[in-house]
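Single-letter residue listing:
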Amino acid sequence: MKKIIINVFAICMAMSFISTTGAQQSNTAFHVKRPSPDEKPHTGTLNNNSFNTSLSSDVNAKAVKNFTKSFKLAENVKWFKIIGGTVAYFTEHGIKNRAGYDNKGNWLYNIRSYPEADLPKDIRARVKSVYYDYAITYVQEITKDQQLIYLVHIKYNKSWKTIRVCEEEDMAPIEEFEEN
């Protein structure tokens, strides 16, 4: 169980450094192919359950099929090739999402990023019961291997923390730092 959580955290941290306009190489397990100056991300939109296939052959067809089946209301879809597969960046119901697929087109994970207002009330209550003076600044909801993990980013004065919240486990801080 801890290995899964560590792997999910590593994926989340690696993916948090990637932007939809390109990304820098890092020393993590996931790297984004650095686009050349004339290259743009592969983009597509979903309209009436059809996918605009302006995708290059770099994106696995099975990944696109899985994506369109799972995320029927996705908008502003951008695909990025990474080592070991592809990642689709998109919005759904106004929430930023990332869906990762391996080289064979199999779904690996989904990361949703949103503000406190979209956090389920029971998860918010758990965090606030311990960190009542802290403001929730940002949430990352990770789905991987049938498990749902919340990374809740909180702030109080100059203190920042990231709290991992899982349904079956106690919540725990996984990152803490102080502003100078």
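1. Concerning the nonpolar core
Membership of the largest hydrophobic core comes to 14 residues, with the highest contact counts inside it found for L119, V127, I136, Y150, V152, I154 and V165. Elements with a contribution of two residues or more to this core: α3 (121-130), β8 (135-144), β9 (147-156) and β10 (159-166). Per-element accounting of this core gives the leading share, three residues, to β9. Ignoring any residue separated from it by four or fewer positions in sequence, one finds L119 in contact with Y114, R124, I136, V139 and Y150. Counting residues in each nonpolar core, the second largest holds twelve residues, with F71, A74, F90 and Y101 among its members.

2. Focus on the confidence of the model for the protein chain
Averaged over all residues, the pLDDT of the protein chain equals 77, while 68% of them reach at least 70. Counting contacts from residues 1-56, a segment whose pLDDT is below 50, to residues more than four positions away or on other chains yields 102 contacts.

3. Some points on the environment of E116
Turning to its location among the elements, E116 is positioned in the loop between β7 (107-114) and α3. Considered as a pair, E116 and V152 are 36 residues apart in the sequence and their alpha carbons are 8.7 Å apart. In contact with E116, other than residues within four places in its own chain, are R124, K128 and I136. A distance of 2.6 Å separates a polar atom in the side chain of E116 from a polar atom in the side chain of R124.

4. Regarding the pairing of strand β5 (residues 85-92)
Of all eight residues making up β5, seven are buried, and the element is well covered by its neighbours. Note that strand β4 (residues 75-82) and β5 share six bridges and pair antiparallel. The residue bridging W79 from the neighbouring strand is A88, located in β5. What sits between β4 and β5 in their antiparallel hairpin is a turn of two residues, with G84 showing a positive phi close to 95 degrees.

Conventions we followed
Residues numbered from 1 in each chain as written. Predicted model: local features only at pLDDT ≥ 70, side-chain atom pairs only at ≥ 80, totals over all residues. Heavy atoms only, no water. Core = buried A, V, L, I, M, F, W, Y, C linked by side-chain atoms within 4.5 Å. Buried < 20%, exposed > 50% of the residue type's maximum accessible area, 1.4 Å probe, protein only. Helix = DSSP H or I, 4+ residues; strand = E, 2+ residues; numbered from the N terminus. Contact = heavy atoms within 4.5 Å. pLDDT = per-residue confidence, 0-100. Polar contact = N/O pair within 3.5 Å; in protein donor to acceptor, adjacent residues only side chain to side chain. Pairing = 2+ DSSP bridges.

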